[in-house]
Every structure is written in structure tokens, then in C-alpha cells.
Amino acid sequence: MANKNNEALKQPIWVNNPVVVQILGICSALAVTSQLKPAIVMGLSVTIIVAMSNVIISLLRNTIPNRIRIIVQLVVVAALVTIVSEILKAFAYDVSVQLSVYIGLIITNCILMGRLEAFAMQNGPWESFLDGIGNGLGYAAILVVVAFVRELFGSGKLLGFQVVPQWCYDHGYLNNGFMIMAPMALILVGCVIWIHRSINKDLQEK
Amino acid sequence: MATKKFKCKVCGYVHEGNEAPEKCPLCGAPKSEFEEIVEKKGLDTGSNVYTIVYAAVMVVIVAFLLVFVSSTLKARQDANVVNDTKKQILTSLNMRNVSDVAATYDKYIKADMLMQADGTLAEYDGEFNTSYSTEFKEGNLHVFEADVDGQRKFIIPMNGQGLWGAIWGYVALDADRTTVNGIYFSHASETPGLGAEIKESVKFQESFQGKMVVDNGEVGLKVVKAGKADKNSPFQVDGVTGATMTSNGVDAMINKVLSAYIPFLTGQCGKEGECSGDCEKHHNVE
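Residues numbered from 1 in each chain as written. Chains lettered and ligands numbered in written order. Predicted model: local features only at pLDDT ≥ 70, side-chain atom pairs only at ≥ 80, totals over all residues. Heavy atoms only, no water.

Asker: Honestly, the overall build of chain A in this entry has me stumped. Any pointers?
Answerer: Across its full length, chain A carries 10 helices and two strands. Going residue by residue from the N terminus, the α and β elements of chain A occur as α-α-α-α-α-α-α-α-β-β-α-α. Rg of the C-alpha trace for chain A: 19 Å, near the compact-globule value of 17 Å for 206 residues, within the 12% margin. With the C-alpha coordinates aligned to their principal axes, the bounding extent of chain A is approximately 65 × 50 × 30 Å. Here chain A holds 206 residues, and the buried ones make up 49% of them. The long-range share in chain A, meaning contacts at least 24 apart out of those at least 6 apart in sequence, stands at 75%. Looking at chain A as shown, the accessible area adds up to about 9,900 Å², and 71% of this sits on carbon and sulfur atoms. Averaging the locations of the 13 positively and 10 negatively charged side chains of chain A gives two centres separated by 5 Å. (Helix = DSSP H or I, 4+ residues; strand = E, 2+ residues; numbered from the N terminus. Rg over C-alpha atoms; globule rule 2.2 N^0.38 Å. Buried < 20%, exposed > 50% of the residue type's maximum accessible area, 1.4 Å probe, protein only. Contact = heavy atoms within 4.5 Å. Areas by Shrake-Rupley, 256 points an atom, 1.4 Å probe, with all protein chains shown as cover. Lys, Arg positive; Asp, Glu negative; His and termini not counted. Charge placed at Lys NZ, Arg CZ, Asp CG, Glu CD.)

Asker: Whenever I open this one, a nonpolar patch on the surface confuses me. Can you help?
Answerer: Residue and element names in this part refer to chain A. Residues I13, W14, V15, L137, I195 and I199 make up a contiguous nonpolar surface patch of about 520 Å² in total accessible area. Looking at the element boundaries, I199 is found in helix α10 (residues 182-199). Relative accessible area serves as the criterion here: at 52%, I199 is assigned to the exposed category. (Patch = residues over 30% accessible without salt bridge, like charges linked within 9 Å, V, L, I, M, F, W, Y side chains within 5 Å. Salt bridge = Lys/Arg side-chain N within 4 Å of Asp/Glu carboxyl O.)

Asker: Teacher, can you tell me more about the packing of helix α1 (residues 48-92) of chain B against helix α2 (residues 101-108) of chain B here?
Answerer: The relative placement of two packed helices is expressed as an angle between their axes plus a distance between the axes. Residue and element names in this part refer to chain B. Closest axis-to-axis distance for the α1/α2 pair is 9 Å, and the angle between their directions is 50°. Relative to α2, the element α1 is oriented oblique. Pair α1 / α2 crosses with left-handed handedness. Note on element contacts: α2 touches α1 through V101, A102, T104 and Y105, opposite N83, K86, K87, I89 and L90. For the contact of α1 with α2, the per-class residue count stands at five nonpolar, two polar and two charged. (Axes fitted to C-alpha atoms, helices over the stretch in contact; angles between N-to-C directions. Parallel < 35°, antiparallel > 145°, perpendicular 65-115°, else oblique. Left-handed = near helix turned anticlockwise from the far one by under 90°. Nonpolar A, V, L, I, M, F, W, Y, C, P; charged D, E, K, R; others polar.)

Asker: Just to check I follow, could you spell out the side chain of B:K211 for this structure?
Answerer: Among the secondary structure elements, B:K211 is positioned in the loop between α5 (202-206) and β10 (214-215). Lacking a salt bridge, the buried B:K211 has B:D238 as its closest oppositely charged neighbour, with an N-O distance of 8.3 Å.

Asker: Quick question: what am I supposed to make of the interface of chain A and chain B here?
Answerer: Every contact between the two is made by 28 residues of chain A and, on the other side, 28 residues of chain B. For the pair chain A and chain B, the summed buried surface comes to about 2,300 Å²; carbon and sulfur atoms form 63% of the total. On inspection of chain A and its partner chain B, the count reaches zero salt bridges. Linking chain A with chain B are seven residue pairs in polar contact (both at pLDDT 80 or more), by the criterion used here. Secondary-structure elements contributing two or more residues to the side of chain A that touches chain B are α4 (69-91), α5 (93-99) and α6 (101-107) of chain A. Top element by residues in the side of chain A that touches chain B is α4(A). It accounts for 10 residues. Looking at the side of chain A that touches chain B, its residues break down into 16 nonpolar, seven polar and five charged. (Buried area = accessible area lost by both parts, 1.4 Å probe. Polar contact = N/O pair within 3.5 Å; in protein donor to acceptor, adjacent residues only side chain to side chain.)

Asker: What should I look at first to understand the environment of A:V75 in this one?
Answerer: In this structure, A:V75 sits in helix α4. Considered as a pair, A:V75 and A:I107 are 32 residues apart in the sequence and their alpha carbons are 9.6 Å apart. Excluding anything up to four places from it in sequence, A:V75 contacts B:M58 and B:V62.

Asker: So what exactly am I meant to see when it comes to empty space enclosed by the protein here?
Answerer: Which parts of space are left empty comes out when a probe the size of a water molecule is rolled across the atoms. Residue and element names in this part refer to chain B. Considering all chains together, one arrives at one cavity of 30 Å³ or more under this definition. Size it by volume and the largest cavity reaches roughly 40 Å³. Around the largest cavity sit Y132, F136, N140, H142, P157, N159 and Y261, which together line it. Of all the secondary structure elements, the ones that give two or more residues to the lining of the largest cavity are α3 (132-137) and β7 (151-161). Grouping the amino acids of the lining of the largest cavity by side-chain chemistry returns four nonpolar, three polar and no charged. (1 Å grid on protein atoms, 1.4 Å probe; cavity = no way out; pocket = protein on both sides within 12 Å on 5 of 7 lines; lining within 4 Å. Points joined across faces, edges and corners; volume = space filled by probe spheres on them.)

Asker: Is there a simple way to think about the domain arrangement of chain B in this case?
Answerer: Reports often express the size of an interface as the amount of accessible area lost when the parts come together. Splitting chain B by domain gives domain 1 (4-37) and domain 2 (80-282). Computed from C-alpha coordinates alone, the two centres of domain 1 of chain B and domain 2 of chain B are separated by 83 Å. (Domains from an automatic or database assignment.)

Asker: Can you walk me through the sheet that holds strand β1 (residues 4-8) of chain B in this structure?
Answerer: Note: strands within a sheet are paired through backbone hydrogen bonds, in either parallel or antiparallel orientation. Residues and elements named next belong to chain B. The strand order across the open sheet formed by three strands is β2-β1-β3, and the pairing between neighbours is antiparallel. A single partner strand is all that each edge strand has here, and the edge strands are β2 (14-17) and β3 (34-37). Adjacent strand axes in the sheet meet at a mean angle of 35° when their direction is disregarded. The sheet contact formed by β1 and β2 spans four bridges and is antiparallel. Bridge pairing in β2 links K7 to V14. (Pairing = 2+ DSSP bridges.)

Asker: Teacher, can you tell me more about the pattern of salt bridges here?
Answerer: It is possible for side chains of opposite charge to pair when their charged atoms get near one another. Residues and elements named next belong to chain A. Counting across every chain of the model gives seven salt bridges over all chains. A salt bridge links E117 to R69, with the shortest nitrogen-to-oxygen separation between them at 2.8 Å. Note that E117 is positioned in helix α7 (residues 110-120) and R69 in helix α4, a separation of 48 residues in sequence.

Next up, the structure:
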């Protein structure tokens, strides 16, 4: 049992990563990765929400009518996100301004629906919780990698601090504006998948 | 419900009775290949009634939960929004990172006024407003009067459209009603690293300082394409690099809002004897 829990937590971080293997949550991975800070915040929020909704759905799993299970999942996620957003607005206004549109984006994040449907509907609350944490962190990891590259080469900064020194600009170095555009995020995610597949050879499609 | 059901693991044949048959009538598998089908206890979760009741109960619970959360937190949230608006107004006076916003606001902002058609100001007696785009549409042109170390400033709230959504800002003018003392912009959903720089980049906001708003009775202040601003012009400001659409939005916002304030901006400088600006030099008092 302990082994299975371990799997539920560790699998999604690398071998069964939600973004690069399950190809879930790509849309938000494009939207929030032009800078490192929103990427980290988004990664953490998704982790918390996936874990919480996984637990709730897992507790309800034996009572949910099969024919409306997707609707029930959606209602749980939407209610949870709305409540979290309201609480943030009341007690951490600055954070909620920071998150602005991203918090709404969490509802539409495919990882949530994917994990609820594929895992929480069949497993107990504790495993589901670990699965949520694992998938959230796996998602966050990809976001951070992509955002790191995009912010570094796109604006010469990391977490808002200038890291490319001024003399580079004086000698003709330019920030790569294309890095900030959404297509570049797609290309970077593609590169990450490429690297990931060449390490995990058994994932390669024939 | 006295009879039990037994299923053959080999072929799937279902036998009803108190005990499994000696031999499967279909495939001939022995008794040991049969297993009892245990009916799930409790409600039939597949039935229509259950589904409808479940959905109804869920909706009611969630609705109550949301109403409860929203109504208990409303007061706090509104206070936060008011606080944040005051903070933005103070930022336009170049007071960044103020810790006690409410007290600082009360200290510096002396009055919340409305511009009348003839350009004079009248006291606004409503509650502190947080949505200046609605106020602007309704023709309530707010002007905040501030007193910073004995110097009179006027703050005008602005609102407009960026690339993806609403943008807004506050411009603080000196007592001459045309020199920009400070400016602050914010936005709802501009691209981080590009359009969002109108809010994040202090450098961009500071590049407005000392510029002139009124040029010959019209709004002269312009945001031009990054790097194209004429250094000698008192009216031109460089836009944000790579965010032409948002910069254009800022330019359109300044033009739209301040045009409506022209009667005030070109009017006399407040009450007689109080003017500290060099009026004759800056605008066309007829």
C-alpha cells in the first residue's frame, strides 16, 4: 500500500507527467509562462486545487450518479475555485490581484478533469490526495522550466530581477521578443517532450 | 431477494439459486469456477430519480455555500478594493509602497470633486467610488485635490481599453493643471512582460513626469511607438517596447479622458491668490 501511494505521488512528476506525457493543461502552460513568478503561483494554485478536488470527488465517488459524473466534477471544481478566489480577495488582496485571470483559468485546466475522471473516481481519498499533489507538482515543474527559459531569453530577467548585465546590451545583445510570444511556449514544451521521450525510450511511439 | 446470483468466471453464464450449480450448463466449468455476484447495497445510483435528486441537492448545497462565503466576505473585499484604489491614487503622486494607505490618503488627499460643465469644481458628496469607468460614462468627472507639502495637485482618474481588456490609471497634475507630476497605470489582463509593463515598469510611468498635457487648448500628451519620442518635445512619451497595442491603448485612454476635462484643464487655476503654478506660460487664459 505504501508503495502504491509512493507511485501515485512520484509517477506524475516525471514518468507520467501530466503536461509532457498526458498532454493535459497545455493551454495554461502557454498563457502563464512568459515570466517565472506567475508560473510558480499558477503551479502552486493548481497543485492545491487538484489535491483538494481529488479528495472531495474521491469521498463522493460511490454516491455520484454515473451519468452526471462530469457535471458533478465540474461543479466541485468550480465551487472550490470560486471559494478560494473569494477568500483570497478578502484576506490576501495582493495575491488575488497577482493571480487575476489565472485563478479562473484553473477551472478550465484539463489536468483537473483528467485526474478526477481517471484517478479520484476509482481510488480512496488519501491516494487521490497524493495523486493530486504529484500531478500538480509535475505540471508546476514544466511551467517553471518553460518560464525560466522564456523570461531569461525574452526579457533578460528572472523573477523580475535583471540577470543579463547591462554591458551585454551595450555590446549589441538583444532580448528575444519571440520568446515572450505564445508560439515559443509551444515550441519549448515540444523541446521538453523531446528530451523527456529520448530519456524514457519506452514512451516513444512506433 | 432470497435467491443469490452466481456467475461463471469462464463463460459469464449467470445462475440464479441458493447455491452455485455443480457444472456450468454452457461451458461445463466446475462449481469452483462460479463466484457469487454481490449486489451493491443501498441506493441504485443509476436510476433517474436518484440522479435528479442528487443534482438538485448538490446545486442547493453549492449555492448556499457560495452565497454564504460571498456574503460573509463581502465587507472585507469591498474594504480591500477601496484600499487598493486609494493606493493607486497615491501611487500617481509618486508615493509607492505606502504602508498605511488609509491614513496617508487622508493626509494628502484633501477633496474628491466633480468637474462642472464650465470647468469649475464642486464637492462630490457621494461615497468613495471605486469604478471610475462607470462614473466617466455617466458624466461624473472626478478630480481629486491633493496637498503635498503645501503644493496643490490635481488627480484625474482615467480608463480605457488595452489589448486584452480594461486598462486604467491616475494622472497627477501640478497646480498649473498641465504639468504631469506623476502617473500610474494598471490593467486587467495585459500580456505579462509586454503590455503588463505599463503597470510594472516604474521607468515607464516616470517618463511622464514633467510632460505637458495641454497643447493649445487640446490634449497634447501622446504615447508614441517605443523609441520614436522626440526628446525635445514636452508632449511625447515613448511607449513600451514590444507592446504597441497596449501603448496605443494608453494613448487613446489619455486622449479620450483628458479631452473631457479640457474645460477644467484650460480654466483658471483655482481660487484667486492661491495659484502657485506659472499659469500664463502654460495655458491660454483668454
